Amino acid sequence: MALLEDAKSDIDTAFTRNGLRGHSFENAFAGATSFLRRTYTKDLAGVDIAITGVCFDQATSHRAGTRFGPRAIREASSLIAYDPPFGWGTDPLEDMAVVDYGDLAFDYAHTPSFPGALTDHIATILKAGAGAITLGGDHYITYPVLRAYAQKYGPLGVIHFDAHSDLWPDDNPDRIDHGTMLYKAVKDGYVDPRRSLQIGIRTTTEDYLGVNVLSARELHEKGVAHAVALAKDIVGDGPTYVTFDIDALDPAYAPGTGTPVWGGLHSWQAAAILRDLAGINMVGGDVVEVSPPYDTTGATAIAGAHVAYDLICLYHWARTQR
């Protein structure tokens with residue numbers, strides 16, 4: 001009933017809400033579409049988590065369009081801003097100050113300056129004492145993000161949901177390619193491959209550089225519990241980053257992406273794994289490769305919004321329940 005009463009008067013709470021905590025009850029179909037109706041702000045004082053968008057898709061190898069991903073994910077999130085996340089037993093929006101930090105500003109016509117701009121953007125959030133949940137954008141963006149995190153935490157464990165390993169060999173530091181993101185992050189020492197696991201892989205890679213792999217077929221055959229136990233054993237208690245390429249999901253559930261591959265995760269599998277990863281030392285994460293032009297239904301952005309909310313939950317759990 002409170003929801004219905006508040007909806008009569010609440011509007012544009014991304015700009016008008018009082019305080020940084022609590023749920024929003026304005027109509028899902030109206031108002032400014034910040035992520036989960038969080039306050040839009042560049043003031044990081046007292047902030048626990050900053051949601052930020054990176055509207056970059058100049059590194060795609062096939063279909064572009066992920067520059068529109070952050071906007072679509074924010075819009076989709078308006079439908080899940082009312083209630084605590086299902087199945088978690090905690091309420092991060094009540095317990096933590098979560099804000100929408102807006103998008104990264106960069107010169108789209110000067111791609112070489114992009115990586116440094118993104119690293120500085122994330123480093124600003126981390127220096128303020130907040131964690132970052134990033135909405136992409138193509139998967140290249142994770143590389144500059146990991147650089148900022150490694151500057152603070154040292155080599156990270158990574159849980160990487162994807163159809164592709166992103167380990168294409170590429171030793172040219174000037175190349176920007178979403179298929180080489182993890183290769184460069186491992187080679188540059190930002191990621192500890194022994195503490196990293198890829199989930200959902202279903203494309204061929206000759207050399208995984210020591211990164212652990214759970215293919216989509218193995219996940220289907222051995223189940224969610226196996227995936228979660230394996231991930232927790234591999235990452236241990238060290239600082240861990242979670243990156244979720246939406247093409248980890250089967251195209252039946254996430255058609256709006258640049259390089260879809262059949263045989264992927266079902267939505268329920270992804271949701272169950274993310275929920276049961278609670279307890280890892282998650283320091284940051286992202287959801288990438290949502291490309292709205294290839295999905296007229298909006299289902300891919302809806303999936304992306306749910307993933308991002310669960311990343312918030314993992315971050316919250318790591319700070320309050322471990």
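Residues numbered from 1 in each chain as written. Predicted model: local features only at pLDDT ≥ 70, side-chain atom pairs only at ≥ 80, totals over all residues. Heavy atoms only, no water.

1. Comments concerning the pairing of strand β4 (residues 157-161)
Next up, step 1: Here β4 lies mainly inside the structure; 5 of its 5 residues are buried.
Next up, step 2: Every second residue of β4 is oriented toward a common face, with G157, I159 and F161 on one face and V158 and H160 on the other, all of them buried.
Next up, step 3: As defined by bridge partners, β4 adjoins strand β7 (residues 240-245) across 5 bridges and the pair is classed as parallel. The residue of β7 that forms the bridge with G157 is T240. (Buried < 20%, exposed > 50% of the residue type's maximum accessible area, 1.4 Å probe, protein only. Helix = DSSP H or I, 4+ residues; strand = E, 2+ residues; numbered from the N terminus. Pairing = 2+ DSSP bridges.)

2. Brief notes about the packing of aromatic side chains
Next up, step 1: Applying the stated rule across the entire model yields 12 aromatic pairs.
Next up, step 2: Over the face of the ring belonging to Y294 we find R63, whose NZ or CZ atom lies 3.9 Å from the ring centre.
Next up, step 3: The ring of Y315 carries R319 above its face, with NZ or CZ at 3.7 Å from the centroid. (Phe/Tyr/Trp six-rings, centres within 6.5 Å; stacked < 30°, edge-to-face > 60°. Lys NZ or Arg CZ within 6 Å of the ring centre and 35° of its normal.)

3. Brief notes about the environment of K127
Next up, step 1: Mapped onto the elements, K127 comes out in helix α5 (residues 114-127).
Next up, step 2: According to the relative accessible area criterion, K127 is exposed, its value standing at 75%.
Next up, step 3: Sequence separation of K127 and A148 is 21 residues, and the distance between their C-alpha atoms is 10.0 Å.

4. Section: the packing of helix α10 (residues 267-276) against helix α11 (residues 299-320)
Next up, step 1: Where α10 contacts α11, the axes come no closer than 9 Å and their chain directions differ by 15 degrees. Here α10 is positioned roughly parallel relative to α11, judged by the angle of their axes. In this structure, α10 crosses over α11, and the sense of that crossing is right-handed. Across from A271, L274 and R275 in α10, the residues of α11 making contact are V307, D310, L311, L314 and W317.
Next up, step 2: Looking at the contact of α10 with α11 residue by residue, the classes come out as 6 nonpolar, no polar and 2 charged. (Axes fitted to C-alpha atoms, helices over the stretch in contact; angles between N-to-C directions. Parallel < 35°, antiparallel > 145°, perpendicular 65-115°, else oblique. Left-handed = near helix turned anticlockwise from the far one by under 90°. Contact = heavy atoms within 4.5 Å. Nonpolar A, V, L, I, M, F, W, Y, C, P; charged D, E, K, R; others polar.)

5. Looking at helix α6 (residues 142-153)
Next up, step 1: Given a rise of 1.5 Å per residue, 12 residues ought to cover 16 Å, and the 16 Å separating the end C-alpha atoms of α6 matches this to within 8%.
Next up, step 2: Where burial is concerned, most of α6 is hidden: 9 out of the 12 residues are buried.
Next up, step 3: Along α6, the residues that are buried comprise T142, Y143, P144, V145, L146, R147, A148, Y149 and A150.
Next up, step 4: Those residues of α6 hidden inside the fold are in contact with α5, β3 (131-136), β4, α7 (181-187), β7 and β8 (282-288).
Next up, step 5: Downstream of α6 by one or two residues, G154 has phi in the positive range, about 80 degrees. (Expected span 1.5 Å × (residues − 1).)

6. Observations regarding the pattern of salt bridges
Next up, step 1: In this structure the tally under the stated criterion is 11 salt bridges.
Next up, step 2: D48 is the salt-bridge partner of R21, the closest N and O atoms lying 3.9 Å from each other. With a gap of 27 residues between them, R21 in the loop between α2 (13-16) and β1 (49-54) and D48 in the loop between α2 and β1 connect regions that are remote in the sequence.
Next up, step 3: For D48, a relative accessible area of 24% translates into the label partly exposed.
Next up, step 4: Measuring nitrogen to oxygen at the nearest pair gives 3.3 Å for the salt bridge that ties K184 to D170. (Salt bridge = Lys/Arg side-chain N within 4 Å of Asp/Glu carboxyl O.)

7. Remarks on the sheet that holds strand β6 (residues 212-215)
Next up, step 1: Within the open sheet, the 8 strands sit side by side as β2-β1-β3-β8-β7-β4-β5-β6. Their pairing is parallel. With partners counted over all chains shown, the strands left at the sheet margins are β2 (98-103) and β6, one partner each. When the angles between neighbouring strand axes are averaged without regard to direction, this sheet yields 15 degrees.
Next up, step 2: In this sheet, β2 lies alongside β1 in parallel orientation, the contact comprising 4 bridges. Of the residues in β2, the one forming a bridge with G53 is D103.
Next up, step 3: On the sheet, α5 packs against β1, β2 and β3 and is oriented at approximately 165 degrees with respect to β1.

8. Observations concerning the pairing of β7
Next up, step 1: In terms of burial, β7 is largely enclosed, as 6 of its 6 residues are buried.
Next up, step 2: Burial along β7 is two-sided: T240, V242 and F244 facing one way and Y241, T243 and D245 facing the other are all buried.
Next up, step 3: Two elements, β7 and β8, share 6 bridges in a ladder whose sense is parallel. Bridged to T240 within β8 is M282.
Next up, step 4: For the crossover that starts at β7, traverses α10 and ends in the parallel β8, the hand is right-handed. (Right-handed = clockwise from strand over helix to strand, strands pointing away.)

9. Quick notes on the side chain of E26
Next up, step 1: You can see E26 is positioned in the loop between α2 and β1.
Next up, step 2: In contact with E26, not counting residues within four places along its chain, are A7, D10, I11, D12, T13, A14, G31, A32, R37 and Y82.

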